Amino acid sequence: MSQPADAPTQKTAQKTEPHDAVEVIAAKRDRHELTDSQIDWVVDAFTRGAVADEQMSALAMAVLLNGMGRREISRWTAAMIASGERLDFSGLSRPTADKHSTGGVGDKITLPLAPLVAACGVAVPQLSGRGLGHTGGTLDKLEAIPGWRAALSNDEMLAQLEDVGAVVCAAGSGLAPADKKLYALRDVTGTVEAIPLIASSIMSKKIAEGTGALVLDVKVGTGAFMKTREDAEELARTMVDLGTDAGVRTVALLTEMSTPLGLTAGNALEVRESVEVLAGGGPRDVVDLTLALAREMLAAAGREDVDPADALADGRAMDVWRRMIAAQGGDPSAELPVARHTHEVRADADGVLTRLDAMAVGLAAWRLGAGRARAGESVQAGAGVELRAKPGDAVRSGDVLAVLHTDTPERFDRALAALEGGWDVAPAGAASSPGVAPAVDVVLDRIG
Ligand code: URA
């Protein structure tokens, strides 16, 4: 059947667009800088479906291979922010500061950090995600607490920020929807690793969230996204520049992620360890990193006069934690879930534990049921790995190095396979030999 003369054909509809996708892809493929107009258009057109998934995938691969300059990344980030809503905390009675971690094994720092910073007079709006793969998600950890709910409306979030001072909740679908769509494509096209795309993805959500100050915890090591110091530095600088250009006071810490943080990886296990930190105990690396990030957040929010160590020691941070959990329906006094089965992993030699690989522990925790393979799967609250030794500790043959926890014991074999080759024990006399791990400071550098 022929079309009426005035019906818009596909060709005329396309003509109304200021650019076309092939032109933009070819420009990046040929190592040209994209113009502001090309960037604005391609992000917007992709969000409304006028640029096809396969075209955006090709562009993402061209960006991965050929990079982007500072102006391009900044414009790309602004275009992703413009694809959705922006929150506004300017009406709050105190300044705001947020923290973002690029993700690591045993990284439960948000849990003690948010109430600690709030206890020092700076409000913390933490919009978090769920875990996928070997690093756990903050929401999964908090959902181990009976009754706690992650979903809050914007009004509920604002009210809790004013009243309690800290909120950790799920990011609504209204923030940077272009990023959500693009991240799903990157995930299945081998383009997650592009630094301009990682930086713009993280920063578009944080800038849209409306925080006044932002501290980035950029992890480096075997258990991190960024395996080398050089890549971690480039990502950190790119994100600090993006935040600064957008008027958000932004600094980054490069932190160690070759070995897990603390002694636990897994949801309820990590909540328990976080509560120990809030009670004035907990592993040294978790306490050190919590305090280092808290100092940066307070300074960025103009409160460098406050020492967060005091609020940890005198119980004020614990009080805020209990109020923060209760405000979202959780019972801070409830018993945490415990896995039904455990399995001990023992040392087979005397000596010093010189290496405990973060990726091996993260994979083991994941395979025990602490994480999910596909978005939407449920996780086991009690599953995970409890470490009994860290690098630098003396061990004897037969000592328990780690305890594996799961509700489904058929998972033990695959978890043990993940841990195989994941640690080294060297003879005690070799403590000063090359290859024997010295005690490592968790904070490696500061950028910003
Ligand atoms: N986290 C994000 O939010 N985006 C990325 O691209 C990578 C990690």
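Cut-offs applied
- Every chain begins its residue count from 1, and numbering advances along the sequence as written.
- Totals for whole chains, interfaces and linings use all residues, but because this is a predicted model, local features are given only for residues with pLDDT of at least 70 and pairs of side-chain atoms are given and counted only at 80 or more.
- Based on all heavy atoms of the structure, the side-chain values leave hydrogens and waters out of the count.
- Here the bounds of each domain stem from an automatic or database domain assignment.
- Contacts are assigned to residue pairs with any non-hydrogen atoms lying within 4.5 Å of each other.
- Buried area adds together the accessible area that both of two parts lose upon being put together, with accessible area traced by a 1.4 Å probe.
- Salt bridges, as used here, are contacts in which a Lys or Arg side-chain nitrogen is within 4 Å of a carboxyl oxygen on Asp or Glu.
- Whenever a nitrogen or oxygen atom comes within 3.5 Å of another N or O atom, the pair is scored as a polar contact, on the condition that within protein one atom can donate a hydrogen and the other can accept it, and that pairs from neighbouring residues in sequence are kept only if both atoms are in side chains.
- A run of H or I in DSSP counts as a helix once it spans at least four residues, and a run of E counts as a strand once it spans at least two, with each numbered from the N terminus.
- Residues are labelled near a given molecule or strand when at least one of their non-hydrogen atoms is within 4 Å of it.
- Accessible surface is estimated by sampling points in the Shrake-Rupley manner with a 1.4 Å probe; for residues, cover comes only from the protein chains shown.
- Burial here depends on accessible area, computed with a 1.4 Å probe over protein chains only, as a share of the maximum for the residue type. Under 20% is buried, over 50% is exposed, and the range in between is partly exposed.

Brief notes about the domain arrangement of the chain
- When its domains are assigned, the chain resolves into domain 1 (16-67), domain 2 (98-171 + 192-334) and domain 3 (341-432).
- On a C-alpha basis, the centroid separation for the pair domain 2 and domain 3 is 25 Å.
- With 26 residues of domain 2 in contact, the opposing surface of domain 3 contributes 26 residues.
- Between domain 2 and domain 3 lies a buried interface of about 1800 Å² when both sides are counted; carbon and sulfur atoms form 58% of it.
- It is His134, Leu263 and Leu269 in domain 2 that bury the most area against domain 3; as a group they hold 26% of the surface buried on that side.
- Inspection of the domain 2/domain 3 interface yields 3 salt bridges.
- Note that Arg372 is salt-bridged to Asp140, the shortest N-O span being 3.0 Å.
- Counting across the domain 2 and domain 3 interface gives 11 residue pairs in polar contact (both at pLDDT 80 or more).
- Secondary structure elements with two or more residues in the side of domain 2 that touches domain 3: strand E6 (264-265) and helix H12 (267-278).

Overview of the side chain of Asp179
- One can find Asp179 in helix H9 (residues 177-187).
- Side chain to side chain, Asp179 and Lys205 meet in a polar contact 3.1 Å long.
- The residues touching Asp179, leaving out its near neighbours within four places in the chain, are Met80, Ser201, Ser204 and Lys205.

Observations regarding the site of the ligand
- Near the ligand you find Tyr183, Arg186, Ile198, Ser201, Ile202, Lys205 and Phe225, and these make up its full shell.
- Between a nitrogen atom of the ligand and a side-chain N or O atom of Ser201, the distance comes to 2.6 Å.
- Measuring from an oxygen atom of the ligand, one finds a side-chain N or O atom of Lys205 at 2.5 Å.
- For the ligand, whose free accessible area comes to 240 Å², the fraction covered by protein is 86%.
- Of all the elements in the fold, those that place two or more residues in the shell around the ligand are H9 and helix H10 (195-209).
- Looking at the shell around the ligand, the element that brings in the most residues is H10, giving 4 residues.

A short note on unusual backbone geometry
- One non-glycine residue, Arg31, adopts positive backbone phi at about 65°.
- Within the secondary structure, Arg31 sits in the loop between helix H2 (21-29) and helix H3 (36-47).
- The exposure class assigned to Arg31 is exposed, which follows from its relative accessible area of 66%.
- Here the phi dihedral of Ala176 falls at roughly 45°; this positive angle occurs in a residue that is not glycine.

A closer look at the pattern of salt bridges
- Applying the stated criterion across every chain, the model contains 34 salt bridges.
- Glu233 is the salt-bridge partner of Arg229, the closest N and O atoms lying 3.7 Å from each other. Placement of both Arg229 and Glu233 in helix H11 (residues 229-245) is noted, with a separation of 4 residues, approximately one turn of the helix.
- Taking relative accessible area as the criterion, Glu233 reaches 25% and is therefore assigned partly exposed.
- The closest approach of N and O atoms between Arg295 and Asp307, which form a salt bridge, is 3.2 Å. You can see Arg295 sitting in helix H13 (residues 284-300) and its partner Asp307 sitting in the loop between H13 and helix H14 (308-313), a full 12 residues away along the chain.
- By relative accessible area, which is 33% here, Asp307 ends up partly exposed.

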